[in-house]
Amino acid sequence: MTIQKINAQSPETQSADLIADNVAKLKALFPELLTETDKGAAINLDTLKALVGDATATDAEEKYGLNWHGKRRARQLALTPSTGTLRPCSDESVDWDSTQNLMIEGDNLEVLKLLQKSYTGKVKLIYIDPPYNTGKDFVYPDNFQDNIKNYLELTGQIEGGAKISSNTEASGRFHTDWLNMMYPRLKLARNLLRDDGVIFVSIDEREVGNLRILLDEVFGEENGVGEFIWQAKKGGGSDNAGVVNDHEYVICYAKNIENNPLNQILIEAEPLTERDEKGLYRRGRELNKWGANSLRKDRPTMYFPIPGPNGEDVYPIRNDNKEGCWRWGKVKMLQAAEAKDIEFVSRGNGTYIAYEKIRTTEARGKPHRTLLSECGQTADGTKAIKQLFDEEKVFDFSKPPALISKLLEIGSCSGDDPDIEEAFLVLDFFAGSGTTAQSTFQQNIADGGTRRYILVQLPEPLDPASKEQKIAADYCDKIGKPRTIVELTKERLRRAAAEIKAENPMFGGDTGFRVFKLDSSNIRSWSPDRDDLAASLYRHAEHIVQGRSESDVLYELLLKLGLDLCVPIEKREITGKTVHNIGGGTLVACLDENIRVADAEALALGITEWRKEQHTAGDTTAVFRDSAFENDVAKTNLAAILEQHGIKQVRSL
């Protein structure tokens, strides 16, 4: 067996190829759609029209919808894979080893692409507060050719390129630039939502019309849930117009309205038909999770024992006898088991199916009104910021935590289960001041939930010479941080967590976060010096970019192989080599710089023995540093032994 080498063009170094995925889905449904051309496989449009009928297929220019200059390019931009990576920054994080929250610094378009493999279909709720396109907002100018380089240039991390500027009404492409920014990001965000997920988007009167039609196109008009009205202010101030807008909008769409509990909020009462020592109950839903993302490797923290009917340990085992995961988190499952509110049904092979016992006959749920009252105003958002930042107004127009908490409450409906699952993942890719994170903490305290979040924010530079940015820039200097918005976002998360812990000493929830930063890939691409090819070959003998750490490479592998960035990582020394075991054996990585022929057998056997200890059920991918092998004999021997013991996917980089 030979080890497959990973290079800059390999699928393992790319984000999800959405075009290839779409073609594969079409081929699975209609194999006859694909035809061969001199450029390779292509879709036969005539066949498509024949399959769906001429009346439902059109390529006419005049059709209903929102069109603007650059729309086709923006759509293509969403489908173009990213070659970047996310580099871990444990020194800027809080509770790195235990937290399930993420704070990602970078261009949200590239970050959304990089999250596709690991988080598609896993986000329950998205909230974003994008630029309102007031004429003073920064609207990100994406680059089709090299968006990673474009990002590094715009944020001043490398020299060259354009600098960040506002999207002014005099630009001639005022609405167009805003639509070109929003469109690809919304398309990528939709992929990340669970089938019962929802998205909330804050906006004001300037772009609400365009946004509504844009969301109709991306999510489908039939999946529109509602248009909420939020009173952002109550008069006063410097208002001098004839008509003053005191309100803003929050637009809500579902991934699939048929599967979304907001579409059927009221659950009819059912009779109690069973009895136990506590009284009457009815059997609720199964607590062994099934379907997508229900294996232990998908959600390792949801695999744990609870006391069974006879005091034995009961684990979540699926009907196919594979290790699965519970539907609820550990604290809630143990509380329910102790309260005798779980019914265990034996499968007859030593495993059980667990069901919730429901002891009420009352219908659950209530309708949500589109007028968001008692959710605070913009002034309350400013007050919350000043309370955390020594009375300094380091952010303008920050949303009040009460508003986001209300949206989290609305989006937390789970059909016949009003409680919050541990898998409840919140995403905000226009994080700004970080209100979403603080509101997530607060709502978890309010209802006992275990929501986790992913925040994404651009490291937009702050200019102390700018009147609007001077307070924020000066505060960055005061706390010894670089002058960027994201530094204040991270600082807010730290201070909000400390405040919540101080005010709620009994709260044991997750208030930490892991920081990751967008950067170019750790895998070196081939860029030869045409005048000195010999030196170029020597430099590229090592495929990993100089200066990148083992952790950098490890987390790029997690991203590109589709693993959660908070998945448990274990470390063990085997024959003097550090070996990382990720996700219960899903990925094994040894990035040691020297593997001799004499090391190969012991290293391979140590890895396979560790895999056996973990009872890894699925496939394992093993990755090594290509330049580490003493020679081809060391590489071939190690790969052969791993294959003999069931590890067939062996890669080097």
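Refer to the structure above for everything that follows.
For clarity, every value in this text was computed on a predicted model and none was experimentally measured.

Glancing now at the overall build of the protein chain. Within the protein chain one finds 18 helices and 24 strands. Burial status across the protein chain gives 50% buried among its 653 residues. In the protein chain, once contacts between residues fewer than 6 apart in sequence are set aside, the share between residues at least 24 apart is 75%. Here the protein chain displays about 30,800 Å² of accessible surface, and carbon together with sulfur accounts for 48% of that area.

Further remarks concern the side chain of Thr 440. By the element assignment, Thr 440 lies in helix H12 (residues 435-447). Among the residues examined, Thr 440 registers a relative accessible area of 1% and is labelled buried. Separated by 2.7 Å, the side chain of Thr 440 and the backbone oxygen of Thr 436 make a polar contact. With near-sequence residues (within four places) excluded, Thr 440 lies in contact with Leu 408, Arg 451 and Tyr 453.

Here we take up the pairing of strand S21 (residues 577-582). Here S21 lies mainly inside the structure; 5 of its 6 residues are buried. One ladder, built from 6 bridges, connects strand S20 (residues 569-574) with S21; its direction is antiparallel. The residue bridging Ile 569 from the neighbouring strand is Ile 582, located in S21. The antiparallel hairpin formed by S20 and S21 contains 2 residues in its connecting segment, where Thr 575 sits at a positive phi of about 50°. Of the strand pairs in this sheet, S21 and strand S22 (residues 587-590) are connected by 3 bridges, and their pairing is antiparallel. In the sheet register, Ile 582 faces S22, and the bridge partner there is Leu 587. Between S21 and S22, which pair antiparallel one after the other, the connecting turn spans 4 residues, and Gly 583 there sits at a positive phi close to 65°.

What follows deals with the packing of helix H10 (residues 378-388) against helix H14 (residues 485-503). With their axes 10 Å apart at the nearest point, H10 and H14 run at an angle of 85° to one another. Classified by the angle between their axes, H10 and H14 sit roughly perpendicular to one another. Where H10 approaches H14, its residues Ala 384, Ile 385, Gln 387 and Leu 388 are matched on the opposing element by Arg 492, Arg 495, Ala 496 and Glu 499. Across the contact of H10 with H14, the residue classes break down as 4 nonpolar, 1 polar and 3 charged.

With mixed pairing, the 10 strands of this open sheet are ordered in space as S4-S19-S5-S18-S17-S6-S7-S9-S8-S16. Looking at strand neighbours, the two that pair on one side only are strand S4 (84-88) and strand S16 (371-372), the edges of this open sheet. Both strand S7 (residues 193-203) and strand S9 (residues 247-254) contribute to a ladder of 6 bridges, which runs antiparallel. Looking at the pairing, Val 198 lines up with Ala 254 of S9. Together, S4, strand S5 (102-105) and strand S19 (514-520) form the strand contacts of helix H6 (residues 147-154), whose direction differs from that of S19 by roughly 110°.

Time to look at helix H9 (residues 330-338). Of the residues making up H9, those classed as buried are Lys 332, Met 333, Ala 336 and Ala 337. Down the axis of H9, the buried side of the element spans an arc of 130°, and every buried residue falls inside it. Those residues of H9 that are exposed and angled more than 90 degrees off the buried face are Val 331, Gln 335 and Glu 338. Lys 340 lies just past H9 and shows a positive phi near 60°.

Our next topic: the pattern of salt bridges. Applying the stated criterion across every chain, the model contains 39 salt bridges. Note that Lys 71 and Glu 217 form a salt bridge whose closest N and O atoms lie 2.8 Å from each other. Note that Lys 71 is positioned in helix H3 (residues 71-79) and Glu 217 in helix H8 (residues 208-219), a separation of 146 residues in sequence. Look at Glu 217 and you get partly exposed, because its relative accessible area is 32%. Linked by salt bridges that have partners in common, Glu 92, Glu 105, Glu 487, Lys 490 and Lys 517 make up one network.

What follows concerns the sheet that holds strand S15 (residues 352-358). Across the sheet, which stays open at both edges, the 4 strands sit in the order S10-S11-S15-S14 with antiparallel pairing between neighbours. Among the strands making up the open sheet, the edge pair consists of strand S10 (274-276) and strand S14 (342-346). For this sheet, the mean inter-axis angle between neighbouring strands, taken without regard to orientation, is 50°. Where strand S11 (residues 279-286) lies against S15, 3 bridges are found, and the strand directions are antiparallel.

What follows is about the pairing of S19. Counting buried positions over the 7 residues of S19 gives 5, a clear majority of the element. Pairing between S4 and S19: 5 bridges, direction antiparallel. By the bridge assignment for S19, Arg 87 is matched with Lys 517. Examined bridge by bridge, S5 and S19 share 4 bridges and lie parallel to one another. Looking at the pairing, Glu 105 lines up with Lys 517 of S19.

Moving on: the packing of helix H17 (residues 597-613) against helix H18 (residues 632-644). Between H17 and H18, the least distance of the axes is 8 Å, while the angle of their chain directions is 20°. In terms of orientation, H17 lies roughly parallel with respect to H18. The handedness of the crossing between H17 and H18 is right-handed. Residue-level contacts link Val 597, Ala 600, Glu 601, Leu 603, Ala 604, Leu 605, Ile 607 and Thr 608 of H17 to Val 633, Ala 634, Asn 637, Leu 638, Ile 641 and Leu 642 of H18.

Before going further, it helps to spend a moment on unusual backbone geometry. Here Asp 95, not a glycine, exhibits a phi torsion of approximately 55°, which is positive. As for its placement among the helices and strands, Asp 95 is situated in the loop between S4 and S5. Taking the relative accessible area as the measure of exposure, Asp 95 reaches 36% and is therefore partly exposed.

Topologically, Lys 234 is positioned in the loop between strand S8 (224-231) and S9. Residues Lys 234 and Thr 378, spaced 144 residues apart in sequence, show a C-alpha to C-alpha distance of 9.6 Å. Once residues lying within four places of it in the same chain are set aside, the contact partners of Lys 234 are Asp 246 and Gln 377.

On to the packing of aromatic side chains. Enumeration over the complete set of coordinates arrives at 12 aromatic pairs. Arranged with centres 6.1 Å apart and planes meeting at 45°, the rings of Phe 219 and Tyr 253 form a pair that is tilted. In this pair, Phe 219 sits in helix H8 while Tyr 253 sits in strand S9, placing the two residues 34 residues apart along the sequence. The same class applies to Phe 219 and to Tyr 253, which are both buried. Here the aromatic residues Trp 96, Phe 516 and Tyr 555 are joined through ring pairs into a cluster of three or more.

Conventions and cut-offs
All residue numbers refer to position in the chain's written sequence, counted from 1. Predicted model: local features are reported for residues with pLDDT of at least 70 only, side-chain atom pairs are reported and counted for 80 or more only, and whole-chain, interface and lining totals are derived from all residues. Water and hydrogen atoms play no part in the side-chain values, which are based on all heavy atoms of the structure. Put simply, DSSP H or I for four residues or longer makes a helix, DSSP E for two residues or longer makes a strand, and each gets a number counted from the N terminus. With a 1.4 Å probe rolled over the protein chains alone, any residue whose accessible area is under 20% of its type maximum counts as buried; one over 50% counts as exposed, and the rest are partly exposed. By definition, residues are in contact when any of their heavy atoms lie within 4.5 Å. A 1.4 Å probe and the Shrake-Rupley method give the accessible areas. Residues count as covered only by the protein chains that appear here. Polar contacts, as used here, are pairs of N or O atoms within 3.5 Å; protein pairs need one atom able to donate a hydrogen and one able to accept it. Residues neighboring in sequence count only if both atoms are side-chain atoms. When DSSP locates at least two bridges between a pair of strands, those strands are taken to pair. Axis lines are fitted through C-alpha atoms, for helices just across the contact stretch, and the angle between N-to-C directions can take any value from 0 to 180 degrees. Throughout this description, any angle smaller than 35 degrees is read as roughly parallel, any larger than 145 degrees as roughly antiparallel, any in the 65 to 115 degree range as roughly perpendicular, and the remainder as oblique. Ten residues, namely Ala, Val, Leu, Ile, Met, Phe, Trp, Tyr, Cys and Pro, are considered nonpolar, four, namely Asp, Glu, Lys and Arg, are considered charged, and the remaining ones, Gly among them, are considered polar. This arc is taken over the directions from the axis of the helix to the C-beta atoms. Salt-bridge detection follows one rule: a side-chain nitrogen of Lys or Arg within 4 Å of a carboxyl oxygen of Asp or Glu. Note on convention: near helix rotated counterclockwise from far helix by under a right angle means a left-handed crossing. Clockwise means right-handed. The aromatic pairing rule takes the rings of Phe, Tyr and Trp, using the six-membered ring of Trp, and pairs them if the centres are within 6.5 Å, calling planes under 30 degrees apart stacked, those over 60 edge-to-face and the rest tilted.

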